[in-house]
Amino acid sequence: MRHIISILIENEAGALSRVAGLFSARGYNIESLTVAPTEDPSLSRMTIVTTGTERIVEQIIKQLNKLIDVVKLLELTDGPHIEREMMLIKVKASTMAQREDVKRLADIFRGNIIDVSPTIFTIELTGSGDKLDSFIDSLAEHKILETVRSGASGIARGDKCLHV
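How each quantity is defined
Residues numbered from 1 in each chain as written. Predicted model: local features only at pLDDT ≥ 70, side-chain atom pairs only at ≥ 80, totals over all residues. Heavy atoms only, no water. Helix = DSSP H or I, 4+ residues; strand = E, 2+ residues; numbered from the N terminus. Expected span 1.5 Å × (residues − 1). Buried < 20%, exposed > 50% of the residue type's maximum accessible area, 1.4 Å probe, protein only. Arc of directions from axis to C-beta. Contact = heavy atoms within 4.5 Å. Phe/Tyr/Trp six-rings, centres within 6.5 Å; stacked < 30°, edge-to-face > 60°. Salt bridge = Lys/Arg side-chain N within 4 Å of Asp/Glu carboxyl O. Pairing = 2+ DSSP bridges. Axes fitted to C-alpha atoms, helices over the stretch in contact; angles between N-to-C directions.

Asker: Quick rundown of helix 2 (residues 54–66)? Include the residues and the values.
Answerer: Over its 13 residues, helix 2 extends 19 Å from the first C-alpha to the last, a length consistent with the 18 Å expected when each residue adds 1.5 Å. Looking at helix 2, one finds that the buried residues are Val 57, Ile 60, Ile 61, Gln 63 and Leu 64. Seen end-on, helix 2 carries its buried residues on one side only, within an arc spanning 165°. More than 90 degrees from the buried face of helix 2, the exposed residues found are Arg 55 and Lys 66. Buried residues in helix 2 make contact with strand 1 (2–10), helix 1 (15–25), strand 3 (43–51) and strand 4 (70–75).

Laid out in structure tokens, this is it:
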């Protein structure tokens with residue numbers, strides 16, 4: 001089963017390495033990892049997507065809570081949450097027909113064309129992982145030159161917050 005773990009962690013050198021090391025030492029896989037500072041410059045917010053049984057994820061959470069850098073932790077998949085991912089994708093669009101088709105697809109998926117060259121469109125798209133996968137599938141007739149995905153970021157719905 002897929003799990004999303006959100007962590008408030010001290011914004012210090014080596015903190016990310018200790019979290020990643022915990023996963024690798026136990027043979028657990030990180031499917032997605034995003035990290036960025038919060039409104040408090042001394043803290044970072046880390047979102048980890050992993051898979052495993054309830055027992056395995058319970059062990060991961062216990063081990064994460066033991067790390068000195070971890071301030072607070074929340075498993076988002078325990079309740080209602082919002083999850084988004086961002087993707088940048090370069091698509092070859094040489095002919096007028098290709099350019100119109102790629103633009104139409106970007107519009108359908110509410111993507112933004114953020115860079116245009118004579119033969120290439122670069123598109124920014126935000127949404128669920130399934131939405132991004134569907135967009136890639138819809139481009140089957142076009143040559144995708146490059147894809148960059150941010151990985152999942154998530155936040156709990158309603159008044160449930162991860163803060164100190």
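Next comes the rest of the write-up.
Asker: Break down the side chain of Gln 63 for me, with residues and values.
Answerer: You can see Gln 63 is positioned in helix 2. Not counting residues within four places of it along the chain, the set of residues in contact with Gln 63 comprises Leu 22 and Arg 26.

Asker: Which residues make up the packing of aromatic side chains, and what are the values?
Answerer: The geometry of an aromatic ring pair is captured by two quantities: the separation of the ring centres and the angle between the planes. Considering all chains together, one arrives at one aromatic pair under this definition. Both rings, one in Phe 109 and one in Phe 135, keep their centres 5.2 Å apart while their planes meet at 70°; by these two values the pair is edge-to-face. You can see Phe 109 sitting in the loop between helix 3 (96–108) and strand 6 (112–116) and its partner Phe 135 sitting in helix 4 (residues 129–138), a full 26 residues away along the chain. Neither residue differs from the other here; Phe 109 and Phe 135 are each classed as buried.

Asker: Provide a residue-level description of unusual backbone geometry, including the pertinent values.
Answerer: For Arg 110, which is not a glycine, the phi torsion comes out positive at approximately 60°. Along the chain, the position of Arg 110 falls in the loop between helix 3 and strand 6.

Asker: Residue-level account of the pattern of salt bridges, with values.
Answerer: A full pass over the atoms with the stated rule returns eight salt bridges. Notably, a salt bridge pairs Arg 2 with Glu 83, separated by 2.5 Å at the nearest N-O pair. Of this pair, Arg 2 sits in strand 1 while Glu 83 sits in strand 5 (residues 81–92), and the two are 81 residues apart along the sequence. Overall, the relative accessible area of 18% leaves Glu 83 in the buried class. A salt bridge links Lys 103 to Asp 107; the shortest N-O distance between them is 3.1 Å. You can see Lys 103 and its partner Asp 107 sitting in helix 3, four residues apart, about one turn around the helix. Relative accessible area serves as the criterion here: at 39%, Lys 103 is assigned to the partly exposed category. One network of salt bridges, with partners in common, ties together Glu 85, Asp 133 and Arg 149.

Asker: If you had to explain the sheet that holds strand 1 to someone new, which residues and values would you point to?
Answerer: Reading across the sheet, the four strands line up as 2-3-1-4 and stay open at both edges, with antiparallel pairing between neighbours. Both edges of this open sheet fall to strand 2 (30–37) and strand 4, since each of them pairs with a single strand only. Between one strand and the next, the sheet's axes are offset by a mean angle of 15°, whatever the strand orientation. Each of strand 1, strand 2 and strand 3 touches helix 1; the most contacted strand, strand 3, lies at about 15° to it.

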